[in-house]
Amino acid sequence: MVTPVALELHVSPSSANADGNGSVNRPFRTLTKARDACRRRKLQQGCIIWLHEGIYRLHSSFVLGREDGGRPHARIEYRSVAGAHVVISGGVALGQPNRAEVTGETQLWEWSVETELSNVDCRQRRRGHGLWTPPPPPELLLGEEPQRLSTYPKEGKLGIQQAERGGDDSWHLQLDPKEAALCRHLSGEPDMWATGVFGQDWQWASYSACVLNGMGSAMHVALSEVSVDKVLNRPTNRFMLENVRSELKLPGEYFLDAKQRCLLLVRPAEEPAPADAQLSVLSDALVNIEGAAHVSFVGVTFELGRGYGVRCVGSEGVRFEGCEFRHLGLGALSLDGVDLCVHACHVHRVGSTAIVLKGGDPEKLTPAHNQLIDCHIHHWGHWGQVYCPAVRIEGVGQSVIGCHFHHFPHMAVEIRGNNHLIEACDFNDGPLNFADMGAIYANLGKKPQERGTEIRRCVFRRVGRKQPKTTAIYPDNGTMGLTIRECLFMECGDDKFGAIFCNGTSHTHVLDCAFFDCPHALVQSYFLATWNKGCQSVYQEKWRDAAQKYAGSNTPHARQYPMLCSLLEEDRVVPSTCTFQRNTLLGWVGTAVLERPPQEVPKVWEYGTRRMTIDELLRCGELALEAQQGRSGLALLPEMETLLRSPAMLILSGGSDFTSRFLGRYCLSALTINDQLTWVNERDSSERDNSLCLAFDGGIWRVVRKADIGKGWGILQLHDSCRPDRSNRVWRAWNGSDKRLEEQPGLKCELAE
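The shown structure was predicted, so the numbers you read here are calculated from the model rather than taken from an experiment.

A. Highlighting the sheet that holds strand β10 (residues 140-142). Read across the sheet, 4 strands follow the order β7-β22-β10-β11 without closing on themselves; strand pairing throughout is antiparallel. Looking along the sheet, the strands with just one partner apiece sit at the ends: β7 (91-93) and β11 (145-146). Summarising the sheet, β10 and strand β22 (residues 277-280) pair through 3 bridges and their orientation is antiparallel. Among the inter-strand pairings, L142 is bridged to a residue of β22, identified as A277.

Structure (structure tokens):
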């Protein structure tokens, strides 16, 4: 609905009128002129600033201060004209290249960017977990296609054989001899940096680098401005070199020469010179909202900034509706205020944390009521890959509702603070690049007053399957007070972490959830009783400080969280206050697993599970679909639709004597083979690789061990493509004694009653 207004202004970047008056026939040329005109009017009924087709290029941030805001029923709206593609850009158009050189199947284009980069620091500086991250180097865009910096090696990464400190903030890394022999040509390369893991496996960083010749066959990579205390020599510590001039070989690769202020790009030889090359330049946020209230942006694309798309501080009632955020260096939105809302927006190709949602009073527990609703967020974190989520929620009372997250390197949502809600969201395909992480992650054990978040009616599909020790939900390092309710987990986690991994968690409750083909529904670990015993005193000091400040009977925290009053009385090393109840399991799912410390301890989880009945399966599907109704940012899950159309259980019966051990009840699984669902024998559903499956394998239905799927044989076979309970064809069975298939006219596949 468009706000009733007293004033409408028009802006067009292609306006021929430098002195336009904001009318539809004489629009302003810049956003700044429209903002200033709106500011002068002192409007009582709000204003719509209509943005016409085109790219609004910014040389500095577009700033909205307190004097540029509206009121609850008199908003200031920056709205795209219907059908117009409106882009607010921090990039510059490069025009035709200054030089082109064809070599074989490729050509090299060169641009002089002295003017464009006159105020840009192109040097790469350190970034890593817990550090301030500077804006990344400029990103090159060719039409809609992002180009990539030249790298070495082209595939894989370099290993560290030995590391030696070279100074206060520098290290010399000796390479593996085989790798060293291949990279001697990199010696003396300018403007190069090393990117990868140099410390712990979560310490992703990037540092200025140069390659040095060592004694004999040795080669060293020298790093400067290093942030980690120790560079560890272990297999997970590997890195690549970026912005390498001599490796500028493949189409789509570019090199940025900071000293000469020129840019080189490789493209196919037959391709004409581009007229649409753009380079991100602006390092500050494209839009800075500093206290302006009740402002909206509707249908606008924000792109090609080296910093954030929008930074909002101390504001109220700011909204983003149907916007797109892409090709932004540090992130899409950094929002701090109250009653802020991001609705139906598309966020992708951002370099670091996509969205920060912050606000509320953590001392009084006053909620901010900020919302992220129906957004589609994917392919973020190509610049800062670790601890850079799609959404970081901080403060008190943020809501993330109906959003779809996929293709992410590390975490998707990071929880900090109190009383947040994550509801009806869809997570799939991640974490892709790093271990020891969850799609939803919280590390709040040292801040026991930060609790009260609920995750409900979310769907996790094939999360935690690409990297070891990854999971769907990960309350880490003693995090307290998390509720997980009515969620659906499909093929999530591994044998170590399961679908939910709780590391020393207390007052955490997993209720009314459903787990499909997960190695374990839940794994509980006790880090302070096992591998991290040495940190008990550190945590205990934090708990004492928190109890002294927040556990008094008159504090807001004690009133909301009565269990906080017994913080120092409870066993924090092996906590006993969690529940796992009314959860249902289907297919290959292990029940709750307790990783016990060396000494015998009592069972600390109160848990109850049961295999899913047909009614429960249908209800579970209904919950997943209901949670998504009306969510424009989510498509209905085809897996759930297929599950709902498929019987939860099939029964194989009859046949000859030697087929009897393969008969029985087969439970529906979420595992898909050749676009058909699979059923697993209920007798050995926990024996993952050895389980008997009824699977559509190689164009026919087979009863086969899971580990043997795809090998082209099966104990029982049905040569039909329709579902086995609907087939009229005769089953055949492999007779091991006679080494042949025999027809089994008495063998039947039927629906379970």
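B. View of the nonpolar core. Formed by 90 residues in total, the largest nonpolar core has its most connected members in F297, F320, F405, F427 and F489. Here F405 is in contact with I377, W380, A390, V391, V400, A412, V413, C425, D426, F427 and N428, once residues within four sequence places are set aside. Among the nonpolar cores identified, the runner-up in size contains 24 residues, and L158, C183, L186 and Y207 belong to it.

C. Focus on the pattern of salt bridges. In total, this model carries 31 salt bridges according to the counting rule given. Put simply, R485 and E454 hold a salt bridge, and the shortest N to O gap is 3.1 Å. Of this pair, R485 sits in strand β45 (residues 482-485) while E454 is found in strand β42 (residues 453-456), placing the two residues 31 residues apart along the sequence. Taking the relative accessible area as the measure of exposure, R485 reaches 27% and is therefore partly exposed. When salt bridges that share partners are traced, they join K358, R392, E394, E414 and R416 into one network.

D. Structural detail: helix α3 (residues 536-550). Here α3 spans 21 Å end to end across 15 residues, near enough to the 21 Å set by a 1.5 Å rise per residue. All buried positions along α3 are accounted for by Y539, W543, A546, A547 and Y550. Down the axis of α3, the sector holding all buried residues measures 100°, keeping them to one side. In α3, the exposed positions that point more than 90 degrees away from the buried face belong to Q548 and K549. Buried residues in α3 make contact with α4 (556-560).

E. View of the sheet that holds strand β12 (residues 148-149). Spatial strand order, β8-β9-β21-β20-β12: 5 strands in an open sheet with mixed pairing. Among the strands making up the open sheet, the edge pair consists of β8 (99-103) and β12.

F. Seen up close, helix α1 (residues 31-41). By the burial criterion, the buried members of α1 are L31, A34, R35, A37 and C38. Seen end-on, α1 carries its buried residues on one side only, within an arc spanning 165°. Buried residues along α1 sit against β1 (7-11), β2 (47-51), β3 (54-57), β4 (62-65), β5 (76-80) and β6 (86-89).

G. Structural context of the side chain of N503. Considering the arrangement of structural elements, one finds N503 in strand β47 (residues 500-503). Of the residues examined, N503 reaches a relative accessible area of 2% and is grouped as buried. For N503, the side chain forms a polar contact with the side chain of D476, separated by 2.8 Å. Residues in contact with N503, not counting those within four places in the same chain, are Y474, P475, D476, N477, G478, Q524, S525, Y526, F527 and W531.

H. Broad picture of the environment of A499. As for its placement among the helices and strands, A499 is situated in the loop between β46 (488-490) and β47. A499 sits in the buried class, given a relative accessible area of 0%. Through-space distance from the C-alpha of A499 to that of I473 is 6.9 Å; in sequence the pair is 26 residues apart. The residues touching A499, leaving out its near neighbours within four places in the chain, are T471, A472, I473, F489, C492, G493, F515, C518, H520 and A521.

I. A look at the packing of aromatic side chains. For the structure shown, the criterion picks out 25 aromatic pairs. Ring geometry for Y441 against Y474: centres 5.2 Å apart, planes inclined by 85°, an arrangement best described as edge-to-face. Of the two residues, Y441 is situated in strand β41 (residues 437-443) and Y474 in strand β44 (residues 470-476); the sequence distance between them amounts to 33 residues. Both residues of the pair, Y441 and Y474, belong to the buried class. For the pair Y539 and W543, a centre-to-centre distance of 5.9 Å together with 55° between the ring planes defines the contact as tilted. Residue Y539 and its partner W543 are both found in helix α3; the two are separated by 4 residues, about one turn of the helix.

J. Broad picture of the environment of E450. Along the chain, the position of E450 falls in the loop between β41 and β42. Of the residues examined, E450 reaches a relative accessible area of 16% and is grouped as buried. A C-alpha to C-alpha distance of 8.4 Å links E450 and P362, two positions 88 residues apart in sequence. Leaving out residues up to four positions away in the same chain, E450 has contacts with R416, G417, N418, L444 and M480. Separated by 2.8 Å, the side chain of E450 and the backbone nitrogen of G417 make a polar contact.

K. How the structure looks around the side chain of Q385. By the secondary structure assignment, Q385 is in the loop between β34 (376-380) and β35 (391-393). On the basis of relative accessibility, which here comes to 13%, the residue Q385 falls in the buried class. A polar contact of 3.2 Å, which involves the side chain of Q385, links it to the side chain of N433. With residues near it in sequence (within four places) discarded, Q385 still touches W204, P409, H410, N433 and F434.

L. Up close: the pairing of strand β43 (residues 459-463). In terms of burial, β43 is largely enclosed, as 4 of its 5 residues are buried. Here strand β40 (residues 426-430) pairs with β43 via 4 bridges, running parallel. Directly across from D426, in β43, lies its bridge partner V459. Here β43 runs beside β46; their pairing, made up of 3 bridges, is parallel. Bridging from a neighbouring strand, F460 pairs with F489 of β46.

So, how was this worked out
- Residues numbered from 1 in each chain as written.
- Predicted model: local features only at pLDDT ≥ 70, side-chain atom pairs only at ≥ 80, totals over all residues.
- Heavy atoms only, no water.
- Pairing = 2+ DSSP bridges.
- Helix = DSSP H or I, 4+ residues; strand = E, 2+ residues; numbered from the N terminus.
- Core = buried A, V, L, I, M, F, W, Y, C linked by side-chain atoms within 4.5 Å.
- Buried < 20%, exposed > 50% of the residue type's maximum accessible area, 1.4 Å probe, protein only.
- Contact = heavy atoms within 4.5 Å.
- Salt bridge = Lys/Arg side-chain N within 4 Å of Asp/Glu carboxyl O.
- Expected span 1.5 Å × (residues − 1).
- Arc of directions from axis to C-beta.
- Polar contact = N/O pair within 3.5 Å; in protein donor to acceptor, adjacent residues only side chain to side chain.
- Phe/Tyr/Trp six-rings, centres within 6.5 Å; stacked < 30°, edge-to-face > 60°.

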